[in-house]
Amino acid sequence: MQQKHFRNGGSSSAHRSGGPAFRGRPSFGGKGGGPRRPSFGRGGYGGNRGGGRSGRFSSFSDISKFVNKAVITEETTHFKPEHNFTDFKIDEKIKVNILKKGYNEPTPIQDKVIPHILANQDVVGIANTGTGKTAAFLIPLIDKVMRNRTEMILIMVPTRELATQIDDELREFSRMLSIFSVCCVGGAPIGRQLANLRRSNNFIIGTPGRLKDLVERKALNLSKFKTVVLDEADRMLDMGFIHDMKFMISRMPADRQTLFFSATMSRDIQVLIKDFLRNPVSISVKTGDTAKSVDQDVVRVGSRNKLDVLQDLLSQTDFSRVLIFGKTKHGVERLKEALVQRGFKSESIHGNKNQSKRQQALNLFKANHLQVLVATDVAARGIDVSDISHVINYDLPATYEDYIHRIGRTGRAGKKGKAITFID
Ligand code: AMP
């Protein structure tokens, strides 16, 4: 059960990032008089009319959305899968690689989805970030390729980082199996992608804009692709990729297998499913609209300097690997510079950095060479770095969905994470 803690009048704290530097200064929750109602900028929450971004914050009237005592959900701790990886009718060599990756048993989405994908059915998977959906589609699709080496599979995702991560994961699962892939994302040199596409590949993983560009250059012939994965389809829709998605799908054979993953199910998403999929099996392992395994709380900055408040937090020992979200590219860069000046090992990722610089920053963060990564929403989408201790919303997210995506970077794979949101 998810417990909500409404912070008013100094009620007992579900999660308090205590510590000497912090105590007595920015207070969690209202100091008497109940919670203040911060104003969160434009639009109206829930105003998703006409295909725009959903859940845009307005005068954010419900501070409780940022406050939640983490509960490791049943799905992640007590879930009893119906299958073991050994039960799946997949090539034994894949099972060896799964074991090498340290996966002992399937997550709920893997348990439910893999048999349907193996049966060549279309699938709609509604799953939160961090539920293991990447392996849920990669494992059966690698098997598909092993059964037919001419099989070509397209994986379309909203961001470059997510594409790179899926490609990395694919390489791990298909180690020693002679399966080849190309990652086709914007921001990276197209020349190398064009050269790689001339070789024989089984998996093409990419972002819609670059993929469309490659099709138009006739470097990518989609009539050969009989399987497509649309991952984080809701994000692709949010990011305005709808026409590129439709363009790509229209060039694929009608007789194909389509796998569609989304964290949310809006009316627009339903329309896409109807257009793109045939008699899909729908599987939902969504566990509510907030990541339950994330302790969520707010920090009132009040009249204090916001950077000082952040510094106090980062000085605490448990803030070991922190992802901080800022609103703008410039703001993110400035914040990173300020943190470096204050002695915190920090890097940034945002749209003003080219792909290799972004990847470099991400790699340093993954390899534990940084305490802090500062990011914009778009740059951070799909980041899968294990053991992020804290997500800090230094600037408020534009929408509630962005909030969910942000905090989903911590508390992954059944571990407990912490999210802190700065409010005025
Ligand atoms: P995803 O939702 O695909 O981004 O996966 C979230 C995290 O869970 C990643 O770090 C995966 O490596 C991890 N993961 C996925 N499936 C399993 C599994 N069956 N056992 C343990 N960890 C997993």
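Everything that follows concerns the structure shown earlier in this document.
Residues numbered from 1 in each chain as written. Predicted model: local features only at pLDDT ≥ 70, side-chain atom pairs only at ≥ 80, totals over all residues. Heavy atoms only, no water.

Draft legend 1. Highlighting the site of the ligand. In the vicinity of the ligand lie 13 residues, with Tyr103, Glu105, Gln110, Gly132 and Thr134 positioned nearest. Within the backbone of Gly132, one N or O atom sits 2.7 Å away from an oxygen atom of the ligand. In this structure, Lys133 approaches the ligand through a main-chain N or O atom, which is 3.3 Å from an oxygen atom. Contact with the protein chains hides 82% of the accessible area of the ligand, taken as 490 Å² for the molecule alone. Viewed by domain, the shell around the ligand spans two of them, domain 1 (21-70 + 293-423) and domain 2 (92-284), each represented by three or more residues. (Near = heavy atom within 4 Å. Polar contact = N/O pair within 3.5 Å; in protein donor to acceptor, adjacent residues only side chain to side chain. Areas by Shrake-Rupley, 256 points an atom, 1.4 Å probe, with all protein chains shown as cover. Domains from an automatic or database assignment.)

Draft legend 2. Just the environment of Phe85, in detail. Here Phe85 is to be found in the loop between helix H1 (74-77) and helix H2 (92-100). The class for Phe85 is buried, based on a relative accessible area of 5%. Separated by 26 residues in the primary sequence, Phe85 and Asp111 place their C-alpha atoms 8.6 Å from one another. The residues touching Phe85, leaving out its near neighbours within four places in the chain, are Lys95, Ile98, Tyr103, Asn104, Glu105, Pro106, Gln110 and Ile139. (Helix = DSSP H or I, 4+ residues; strand = E, 2+ residues; numbered from the N terminus. Buried < 20%, exposed > 50% of the residue type's maximum accessible area, 1.4 Å probe, protein only. Contact = heavy atoms within 4.5 Å.)

Draft legend 3. Inspection of the pattern of salt bridges at higher detail. Here the structure, examined in full by the defined rule, presents 19 salt bridges. Residue Lys95 is joined to Glu92 by a salt bridge in which the shortest nitrogen-to-oxygen separation is 3.3 Å. Here Lys95 and its partner Glu92 are both found in helix H2, 3 residues apart, which amounts to about one turn of the helix. Residue Glu172 is joined to Lys101 by a salt bridge in which the shortest nitrogen-to-oxygen separation is 3.3 Å. One end of the pair, Glu172, is in helix H5 (residues 160-173); the other, Lys101, is in the loop between H2 and helix H3 (108-118), and 71 residues separate them in sequence. (Salt bridge = Lys/Arg side-chain N within 4 Å of Asp/Glu carboxyl O.)

Draft legend 4. Here's a closer look at the packing of aromatic side chains. Under the defined criterion, the tally for this structure stands at 4 aromatic pairs. Seen from their ring centres, Phe137 and Phe261 are 5.4 Å apart, and the 40 degrees between their planes marks the pair as tilted. One end of the pair, Phe137, is in helix H4 (residues 133-147); the other, Phe261, is in strand S6 (residues 257-262), with 124 residues separating them in the sequence. Across the pair, Phe261 and Phe137 agree in class, each one buried. Where Tyr394 meets Phe422, the ring centres are 5.5 Å apart and the plane angle is 45 degrees; that geometry is what we call tilted. With Tyr394 in the loop between strand S12 (390-393) and helix H15 (400-407) and Phe422 in strand S13 (residues 417-423), the pair connects residues that are 28 residues apart, well separated along the chain. The two residues Tyr394 and Phe422 agree in class, both being buried. Lying over the aromatic face of Phe173, Lys101 brings its terminal NZ or CZ to 5.8 Å of the ring centre. Between the NZ or CZ atom of Lys306 and the centre of the ring of Tyr394, over which it lies, the distance is 4.5 Å. (Phe/Tyr/Trp six-rings, centres within 6.5 Å; stacked < 30°, edge-to-face > 60°. Lys NZ or Arg CZ within 6 Å of the ring centre and 35° of its normal.)

Draft legend 5. Structural detail: unusual backbone geometry. The phi angle at Met176 is positive, at roughly 65 degrees, despite the residue not being glycine. Tracing the backbone through its elements, the reader meets Met176 in the loop between H5 and strand S3 (181-184). Judged by relative accessible area, which is 76%, Met176 ranks as exposed. Of note, Ser178 is a non-glycine position whose phi angle comes to about 55 degrees, a positive value.

Draft legend 6. Expanded view of the sheet that holds strand S10 (residues 346-349). One open sheet accounts for 6 strands, arranged S8-S13-S12-S9-S11-S10; its pairing is parallel. Each of the sheet's edge strands pairs with one partner strand only, and the pair in question is strand S8 (294-300) and S10. Adjacent strand axes in the sheet meet at a mean angle of 20 degrees, parallel and antiparallel pairs treated alike. For S8 and S13, the ladder comprises 7 bridges, and the chain directions are parallel. Looking across to S13, one finds that Val298 is bridged to Thr421. Packed onto the sheet, helix H12 (residues 329-341) meets strand S9 (322-325), S10 and strand S11 (372-375) and runs at close to 175 degrees relative to S10. (Pairing = 2+ DSSP bridges. Axes fitted to C-alpha atoms, helices over the stretch in contact; angles between N-to-C directions.)

Draft legend 7. Inspection of the sheet that holds strand S2 (residues 153-156) at higher detail. Strand order across the open sheet formed by 7 strands is S3-S4-S2-S5-S6-S1-S7, with parallel pairing between neighbours. Where the open sheet ends on each side, the last strands, each with one partner, are S3 and strand S7 (281-284). Strand-to-strand, the axes of this sheet are offset by a mean angle of 10 degrees, without reference to chain direction. The pairing of strand S1 (residues 123-126) with S7 spans 4 bridges and is classified as parallel. Opposite Gly125, over in S7, you have Ile283 as the bridge partner. Along the sheet, H4 makes contact with S2, strand S4 (203-206), strand S5 (227-230) and S6, crossing S6 at roughly 165 degrees.

Draft legend 8. Looking closely at the nonpolar core. Counting 42 residues, the largest nonpolar core has Phe137, Ile139, Ile142, Ile155 and Phe203 as its most contacted members. For this core, the elements supplying multiple residues, two or more each, are H2, H3, H4, S2, H5, S4, S6 and S7. Among the elements that line this core, the one with the most residues is H4, at 9 residues. Once residues within four sequence positions are removed from consideration, Phe137 is found in contact with Ile117, Ile155, Ile166, Val229, Asp231, Leu259 and Phe261. One finds Val182, Leu222, Phe247 and Phe260 within the second-largest nonpolar core, a separate group that totals 34 residues. (Core = buried A, V, L, I, M, F, W, Y, C linked by side-chain atoms within 4.5 Å.)

Coordinates in, geometry out; function isn't part of it.
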